[in-house]
Each structure stands twice: as structure tokens, then as C-alpha cells.
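This is what each chain is made of:
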Amino acid sequence: MYKKICSKYEPTKDNLIHILHEIQDTHPQHYISDEAVEEVSKYLNLPTNHIYGVLTFYSMYSTTPRGKNIIRLCESPPCYIKGSENILRKLKVLLGVETGETSKDGLFTLELSACLGVCGNAPVMMINEDVYGDLTEEKVEEIIEKYRRAQ
Amino acid sequence: MSLKRIDLLICCGSGCVSAGALKIKERFHEVLKEKGMENEINIIETGCMGPCDYGPVMVIYPEGIFYKTVTPEDVSEIVEEHFIKGRPVARLMLSDDERTFSVQKEVPFYQKQIKVALANCGYIDPESLDEYIATGGYEALGTALTEMTPQDVIDVMKAAGLRGRGGGGFPAHIKWQMVHNIQDNEKYIICNGDEGDPGAFMDRSLLEGDPHRILEGMMIAAYAIGASQGFFYIRAEYPLAITRIRDAIEQARGLGLMGKNIFGTDFNFEVEVRTGAGAFVCGEEMALIHSIEGERGNPTPKPPYPATQGLWGKPTVVNNVETLANIPTIMVKGAEWFNTMGTQTSKGTKVFAITGDIRNTGLVEVPMGITLRELIFDVGGGMVGEGKFKAVQLGGPSGGCLTVEHLDVPVDYESLKERGAMMGSGGLIVMNDEKCMVNVAKFFMEFCVEESCGKCSPCRIGLKQMYEILDRITKGQGKEGDIEELQRLGESVKMLSLCGLGQTAPNPVLSTIRYFRDEYESHIRDHSCSTKVCLDLMNFNIDKSRCIGCSLCARKCPTNCITGSREEKYVIHQLECIKCGNCYDVCPVNAIDKIPGMHPEMKEYRAKLQAQKDLDD
Amino acid sequence: MKTLADLKKIREKAQEEMKLRGSNVRIKIVVGMGTSGIAMGAREVMKTFLEEIANRNLTDVIVTQTGEKGLSSMEPVVDLIEEGKAKVTYGNMTPEKVKKVVVEHIVNGRVVSDYVVATGE
Ligand SMILES: Cc1cc2nc3c(=O)[nH]c(=O)nc-3n(C[C@H](O)[C@H](O)[C@H](O)COP(=O)(O)O)c2cc1C
Ligand code: SF4
Ligand code: SF4
Ligand code: FES
């Protein structure tokens, strides 16, 4: 599977970030395994420690398995001013997790993020690639419920 | 020719989408289908219209009627009343105390604005190349390629005096001239779309709302400097912007605007999209270049500058999204026109993202030199809620706070810098008097600590130390001398750091100390946070004379630290209180107060602990 | 596309599609679409206008609608508003009459006085 992803790109170093993104996005647990790193290393002819160096530099990559849906709540000042803390508290209660953890059912991983650039509608979170703004505690409950039902 | 009689422009910028714009669009399709009116109405998705706070918003032509906060339930009414009967729905229009604004251009939010970069955002369908061309798109490129030399183009930019909108304010033409002058058959142009400043979203809106404009700007720059390969570097948090730019590139290729012999000349151009992966420092141009190369995005010392040794060691120009957005219009309308807007040193307009405790949050474009007062109170509509204006943070984590006394300062690169703030990318975070400035400074510092790439120790260690001091102060453990220590550390981090992140990160702290020193002092000396934001420096107290002894608070307290009876009334045992605020929220007669300052019981307890600790040591 | 002239062609065609948003409008046709107007056939009237204008490729004319104007006995009512001229209001419109108004008034600039119920503001 990793080979197939690699082969979509020219085997040059500047494609590393693209390849890592695609590997992570297509993995059901949204992470990059050691095995994947090996494959990429072979394909691009780069030492694995270069790849780990890049992986750990960028906050969006994960080297541990995560949930089906990645929740990224913005913690930057404009969202904070509009009450992102309350939203965080609500999410923790709803999912029964602390930040960085995955819910027991494997459906959600809760992460914090720097500004998502939708500050006009603060507080904001992203679930996978969808953005939700003007969050209230009630709205968060509905949204999470929607993802649970979609199961 | 079409039979359409109404253009329905639905804002589908990320702000409105996050507020549910796509559902509204679907609903319109449904209702119009039911009524058999699909052929009469054009539904057009546009980029950001600006007033994100009122999302989802829409404008309906030919009249230009503006609706705000539309819900799916409102759709049938709009179709029935407005589309069929011609009676616009007043309930959905923006209004203030005196009047209702039906037409978009009457809305005060738009009145002091002059749209150059944002001209098409919210007006055209960003996915339609035809609509971009209809507004005069690609004419600047065509004219430049067929009638001007690269030097002519640079001369126009020089006369216009366009300065970089990515933060530094460096004149675009100087970089272009440098790269133009170097003989090399491999040169690059990069569009910096990494936009990481908290509170900034103008680049996202431009990329999403008018992608062809950015592409055209980039191609004009490429022609001027002699590059035939470009890159868009867009942060991964902006999936829609990435898609829109990719689609725009394909559309341009379809029409022969990309590839070989563009406009029948020997100008060839190819462009690729690269994405970030969640690292703020990658917005710094050298870091960005390394990131494109497939390396860790660490800044490297300058010189060498990208102009001489950029991407793969070749001459490279890095320009910000908004900088590029200005270029096509300058080329069409001329430098002289551009010079009619702005101030002596800061020409043209600037896009600002206004957020925080302000009525009209969103995106605005105003001539440089406008005062903060006009920007915040006229365009921004003033403060929302009860709170009074206290401070505005400009330039994100590298900028600074300004206060009431600066409201008449003109917004341009130099005036802001003189006062310890910064234009930065144009984020404007407005705060009311319920915000604690020490806490805000701590927040920005936390951001910088997390985002420091760690390559140089002043930034990595110095910022961490500053953060720890701020954290202590907000927890009631500040010491005499902390303020001076913060200033000392701040100055040295600024001096000794390699890249702009470290060089500017202390600014929020230094500027809040400069303008709100008394707040720092009361946190440290009196253990009191006057805004009651710092939980360790405030307390909840039940006023016995108002308490009716209903016991509601006691039942809701998670730590069971409220006791009492109907007769005795209730009291909070301060040492166990975790300041969750439940009691404050539930009290039916508002007998519970938030009081600034640490409770005396707590002070005593902490002093005892400290004494014990000193003894143990 | 190879020249600025090619670009201009595309632009003109595209501007045509966007004319509802532009200012390049010579005549605005306003159809009264209140309840009584609709009851009297205003929708048919509006449709006919749209079709006729499309068939004749009239690029500087737009059709829009308004609410009840209080002329119930003369519904469907239509206003023709032309830059720099007095407004003309036609009453008791039918698709047949619409066709005539398009040819006479909009194309040839001659008011069809038989159908006029009011002029000016
Ligand atoms: C830490 C840091 C982050 C930056 N982030 C951005 C950014 O997100 N977008 C941007 O255009 N410029 C950013 N810059 C500025 C760039 O280094 C560079 O000056 C700019 O892209 C040049 O474009 P301009 O001259 O058109 O403004 C950043 C600089 C630093 C030091
Ligand atoms: S100043 Fe900070 S972010 Fe910049 S290179 Fe040094 S450690 Fe990295
Ligand atoms: S603030 Fe919370 S913990 Fe403190 S007394 Fe009130 S309910 Fe109890
Ligand atoms: S601060 Fe939260 S999206 Fe920008």
C-alpha cells in the first residue's frame, strides 16, 4: 500500500512532505508507521533518520495510531478570547479524553491547534477537513453526535 | 444567452461555510426546484465577503440586497417573498438602532473600505475563470507580456512603491530588481501562503475567493524576474485554498495561460502547489524554502538572501499572497492611481482581519493611514456587549498592544513600529476591559514557545523562561524584579535570535509592560487580577445579606466546598474552591460575587506553606 | 488563446453572463409580483419577458420583480425604467402584450401607449 502511494510521486526529496501527508491521510488510523517510513526511505533513497527528523518537526504528523476522526480545536488568542476553553472542557467531557488522546471507541482524537485562520467565527475547530465555527457547547454536542451517528 | 433574472451570491468562504453556508446553498437548490424556478436564478458560490461574524451572508443582484445569518429555515421565505413576490425580507437585513440596510453598499461595514486585493472576493465565483476574466482578469499579464519588457514591469512596481504584505513591509520592486539582474536560467518565484499569525485570515480568503488573481500576480512577477517555475506554499490547514489554487492552475492551462508560449510570446511558466504540515516557522522565507526542498523547516542565517541563494541555491523571490494580489490591479490602473491611496511611506490599501470583542468581525480592506479609531469603531462597528475598548493587538505574536491613547494613530508601517506594535500580516485583535493583559501576553508567549524551531538557544531557552515567569505571575507567585527580568530577557532574545520569530516574539510582553505596567504590578504585589481572569488572583464570595439560603450553589459545587443552612446562609471554603464558577452561574438571586484579589484565607495558607518550605530547605 | 484580442472576446462573452451584477444596464423591467399580481398571471408575464429578451439577445436589459403596488385592478403591472427617462408603467399585461412591448418599446424605443397606465414618478 505504501509503495503504491510513493509511486504516484517522482522519487525526489521535495516530494517527501506530499508523500507523508498522503500516507497519513489514507491510513485508517491517521498515522505514519515505522513500516511506512522504511518504504519511503527506500523509495526516495533517504536515510530513515532524515525522515524521522522531518516527521517530528511538523506538528501535523503523528507516529502513533489515532482515531477515525481528528478533532483540532484552535487554542490561539482570538479563539481563546471568545471562549475556546469552555469548548475544550465540553469536548473532554463528551469524548471522555484528555487532549492528545483517542476516545475508547476509536472514533475521535482530540488535539489542540494553532490558529486555523477562521478567527472571524471564533471559537473554531476542524474535524478532519471540515471547519466548524461560532461554537457553543450545544453546537459541539450536536456535531459530535452527528459524527457518532454517521458510524 | 441565459434566462436568469437573479444572481444569488452565497458567501462560501471558510467562515460562512463553518457557519453552515453549504446547507443553505443546498436548501436553495431544493426550494427552487420545487418551485420550478431553477432556470431563473443563478446560484453562485463566492469567496469571503468580509463580515464573517454575520455568516452565512449573501448578496442578491440585480438590487444588491444583503442578508445576514441566514438559516435553512429562512430559505423558503426568501424564495417566496423576495424571488417570487419581489419583497426583500427585512428581517434578515443588517440594521442598527436607526435604520435597516438593505443594499450591500449602504452597509456601514463596507463604507470606508476600498477594495483592491479583495475586489473580487465575494463578487465572483472563484471557481470560474470566465468570471475572473469578465472583471478584467489576465489583461495585466497579457499587456505585460506583449507590450512591456521585464524592466518596464519592475519600473511600474517601483513607481507604485508596493511593500510586502507578509509582515516585513519590504518593497517588492527591490527584490524583483535583484533577481532580475542575476543571470541564471533557473530562477523561482514562490507565493507564501503559510499564514500562521493567530488572528490573520486574509491570505486564506484571497486564495479561496479569487485564486486567479494570485496566479496572475505571480506570473507577472515571474516575467519581471525571469522565472519560469513557481511554487505556492500553502499551509495544510487550508484545504479549500489548496483545492481552489490547484483548480485555477488547471483552468489557466486549459486556456493556454499556463505552459509554453503564453500570449504567443516566448514566456513559459509552470507552477506547483506545496503544502505545509503545521509549523508556524515555515512562514519565514528561508524555512519555507527548506520545507519545499523536503527538509525540516528551519530558518538559516541571512545573508545569503533568497534573492541570491534561494530554492535549490537559485535566485528566488518570495512574496506574500496579498502582495501578489495587488499586482494585476497596479499594472492595469497604474502606479499613479496606486499612489493616491495611503501615506507617504505606505502606499495603497491593506487588508485587515478584525477579531475579538468587536461587533463586525471579519475581513476589511482600507487605505493605509486610516486611524485605528476609524478602523475599529466605524468599519468594525465598535465593541460588542458591555465591555469598553481596552487594547488592540496588532501583528499577532510578533506585534504589540496599543491602547485607548493610540486610537488616533494612523495605521502604517512606521507609525505602528514607533509605538511598539507592528503591521505584521494585518491581524487586529480587539479586546475589551474584561481582558487581562498579563494573561494575553502569556498566551502569545506560549504560542511562540511552542512554535520556536529550537535551532538557536536565545529563542528556545529565553522564550521558555519568559513564559515561566509570566505563568508564575498569573498564578500569584510573582516576585519583585520579575518585570525587569522579563524586559532584560526580551531584549536579549530580540537581539540574539536568528530569525524573525525570535526577533519579534518578546514584543507582546514588552508592549504590554510598556502600556499596562500597573497591571503587572498589581498581579505581583497585590496578588490581584483586576479583570478577574487569572483564577488564582480572584475569589468567589457569597454575600450573606443577599443569600436566601436555597442551597443550589452547594449542590452544584463539584468539590462540595460550600456549606451552610437556610438560617445560617452559605459560605465558600476558599481553600478547596477550584473556581469553576458553577455557583456563580446557578445562584438565583445573584448573591455570589467575583472579587479581584486572592482571598485572605488563601494568602495566609500560601504564606504558611512557603514558610514550611523555607524551613525544610 | 494567444492574443489580447482573444482575451477580449472571452471577456465580452463572460461579462454578458454577469450583467445582473454589472452597471451596464439600459433598461430595467420591474414586474409586480404581489399576491394579486401572481394571481393575475404575473409569473407568465415575467417568464415571457425573460424568454423574449434571451431570444433577441438583448444584453443591456434586466428583469427583476417587486411587491404589490396597490394597482390591483390593473395587475399584472410592469414598470419599464430607462436611464434618464420617465418611468413607464404598463397594466393588465399578458404574454402577448409583453411581446409587443419588447419589440416596440425596448427594441424600437416607442412607448406602447395603449397599455400604459401611468408615467413618471
Ligand atoms: C516566524 C515568521 C513567520 C512568517 N510567516 C509568514 C507568513 O505566514 N506569510 C508570509 O507571507 N510571510 C511570513 N513571514 C515573512 C516572510 O519571511 C517573508 O518576509 C515574506 O513572505 C515576504 O513576502 P512579502 O515581501 O511579499 O511580504 C514570516 C516571517 C517570520 C520570521
Ligand atoms: S529565532 Fe527561534 S524560530 Fe527562529 S531560528 Fe532561532 S530558534 Fe528557530
Ligand atoms: S466556584 Fe466552583 S468550586 Fe468554587 S465554590 Fe463555586 S461551585 Fe464550588
Ligand atoms: S484564532 Fe482560532 S481560528 Fe484563528
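Residues numbered from 1 in each chain as written. Chains lettered and ligands numbered in written order. Predicted model: local features only at pLDDT ≥ 70, side-chain atom pairs only at ≥ 80, totals over all residues. Heavy atoms only, no water.

With that out of the way, let us pick up the domain arrangement of chain B. As assigned here, chain B comprises domain 1 (6–111), domain 2 (129–339), domain 3 (349–432), domain 4 (437–525) and domain 5 (536–614). With centres defined by C-alpha atoms, the gap from domain 1 of chain B to domain 5 of chain B works out at 49 Å. (Domains from an automatic or database assignment.)

For the rest of this paragraph, the subject is the site of ligand 1. Residues and elements named next belong to chain B. With respect to spatial proximity, 18 residues lie near ligand 1, and among them Gly166, Lys175, Asn319, Asn320 and Thr323 are the closest. Between ligand 1 and Arg165 there is a distance of 3.3 Å, counted from an oxygen atom to a backbone nitrogen or oxygen. Between an oxygen atom of ligand 1 and a main-chain N or O atom of Val318, the distance comes to 3.4 Å. If ligand 1 stood free it would expose 610 Å²; the protein chains cover 87% of that surface. (Near = heavy atom within 4 Å. Polar contact = N/O pair within 3.5 Å; in protein donor to acceptor, adjacent residues only side chain to side chain. Areas by Shrake-Rupley, 256 points an atom, 1.4 Å probe, with all protein chains shown as cover.)

The next point concerns the environment of Gly133 of chain A. Residue and element names in this part refer to chain A. With respect to the helices, strands and loops of the structure, Gly133 is situated in the loop between strand 4 (130–132) and helix 7 (137–149). Take Gly133: its relative accessible area is 0%, and that puts it in the buried class. As a C-alpha pair, Gly133 and Leu91 span 42 residues in sequence and 15 Å in three-dimensional space. (Helix = DSSP H or I, 4+ residues; strand = E, 2+ residues; numbered from the N terminus. Buried < 20%, exposed > 50% of the residue type's maximum accessible area, 1.4 Å probe, protein only.)

Let's shift gears to the interface of chain B and chain C. By a frequent convention, interface size equals the accessible area lost on bringing the separate parts together. Of the residues lining the interface, 42 residues belong to chain B; the matching set on chain C comes to 36 residues. Approximately 3,200 Å² of surface area, both sides summed, lies buried where chain B meets chain C, with 60% of it carried by carbon and sulfur atoms. Our enumeration of links across chain B and chain C arrives at two salt bridges. Across the salt bridge formed by Arg43 of chain C and Glu40 of chain B, the nearest N and O atoms sit 2.8 Å from each other. Elements represented by at least two residues in the side of chain B that touches chain C include exactly strand 1 (6–11), helix 3 (74–84), helix 5 (129–134) and helix 6 (139–147) of chain B. Ranked by residues supplied to the side of chain B that touches chain C, first place goes to helix 6 of chain B with five residues. Here the residues of the side of chain B that touches chain C are counted per class, giving 18 nonpolar, eleven polar and 13 charged. (Contact = heavy atoms within 4.5 Å. Buried area = accessible area lost by both parts, 1.4 Å probe. Salt bridge = Lys/Arg side-chain N within 4 Å of Asp/Glu carboxyl O. Nonpolar A, V, L, I, M, F, W, Y, C, P; charged D, E, K, R; others polar.)

The next subject is the sheet that holds strand 7 (residues 188–193) of chain B. Residues and elements named next belong to chain B. Spatially, four strands are ordered 9-8-7-10 in an open sheet, and the strand pairing comes out parallel. Of all strands in the sheet, those with a lone pairing partner are strand 9 (270–275) and strand 10 (316–320), marking the two edges. For this sheet the average axis-to-axis angle between neighbouring strands, irrespective of direction, equals 20°. Here strand 7 runs beside strand 8 (residues 229–234); their pairing, made up of six bridges, is parallel. Bridge pairing links Tyr188 to Gln229 in strand 8. The strands that helix 13 (residues 321–333) touches are strand 7 and strand 10; relative to strand 10, the one it contacts most, it runs at about 90°. (Pairing = 2+ DSSP bridges. Axes fitted to C-alpha atoms, helices over the stretch in contact; angles between N-to-C directions.)

On to the packing of helix 7 (residues 150–160) of chain B against helix 13 of chain B, then. Residues and elements named next belong to chain B. In the contact formed by helix 7 and helix 13, the axes pass within 10 Å of each other and the chain directions differ by 100°. By the angle between their axes, helix 7 is roughly perpendicular relative to helix 13. Within the contact between the two elements, helix 7 uses Val153, Val156, Met157 and Ala160 and helix 13 uses Ile327, Ile330 and Met331. (Parallel < 35°, antiparallel > 145°, perpendicular 65-115°, else oblique.)

Another point: the sheet that holds strand 2 (residues 41–46) of chain B. Residues and elements named next belong to chain B. Pairing is mixed across the open sheet formed by four strands, whose spatial order is 2-1-3-4. Both edges of this open sheet fall to strand 2 and strand 4 (65–67), since each of them pairs with a single strand only. Strand-to-strand, the axes of this sheet are offset by a mean angle of 20°, without reference to chain direction. Summarising the sheet, strand 1 and strand 2 pair through six bridges and their orientation is parallel. Note on strand 2: the bridge partner recorded for Cys11 is Thr46. Sitting on the sheet, helix 2 (residues 21–34) is in contact with strand 1, strand 2 and strand 3 (58–61), with an inclination near 170° to strand 2.

This next bit is on the arrangement of the chains. By contact count, the leading pair among the two pairs of chains in contact is chains A and B. Without any contact between them, chain A and chain C keep their closest C-alpha atoms 27 Å apart.

Residue and element names in this part refer to chain C. Burial runs high along strand 3 (residues 78–82): four of the five residues are buried. Pairing of strand 1 (residues 27–32) with strand 3 involves five bridges; the strand directions are antiparallel. Within strand 3, the position partnered with Ile29 by the bridge is Leu80. Looking at chain direction, strand 3 and strand 4 (residues 88–90) are connected through three bridges and run antiparallel.

For the rest of this paragraph, the subject is the nonpolar core. All names here are of chain B. Formed by 79 residues in total, the largest nonpolar core has its most connected members in Tyr138, Trp176, Phe232 and Phe269. Here this core gets ten residues from one element, more than from any other, and that element is helix 10 (residues 211–225). No fewer than three residues from each of domain 2 (129–339) and domain 3 (349–432) sit in this core. Beyond its immediate stretch of four places on either side in the chain, Phe269 contacts Ile189, Met218, Met219, Ala222, Ala227, Ser228, Gln229, Gly230, Met258, Gly259 and Ile262. Counting 74 residues, the second largest nonpolar core, distinct from the first, contains Leu9, Val59, Leu402 and Met437. (Core = buried A, V, L, I, M, F, W, Y, C linked by side-chain atoms within 4.5 Å.)

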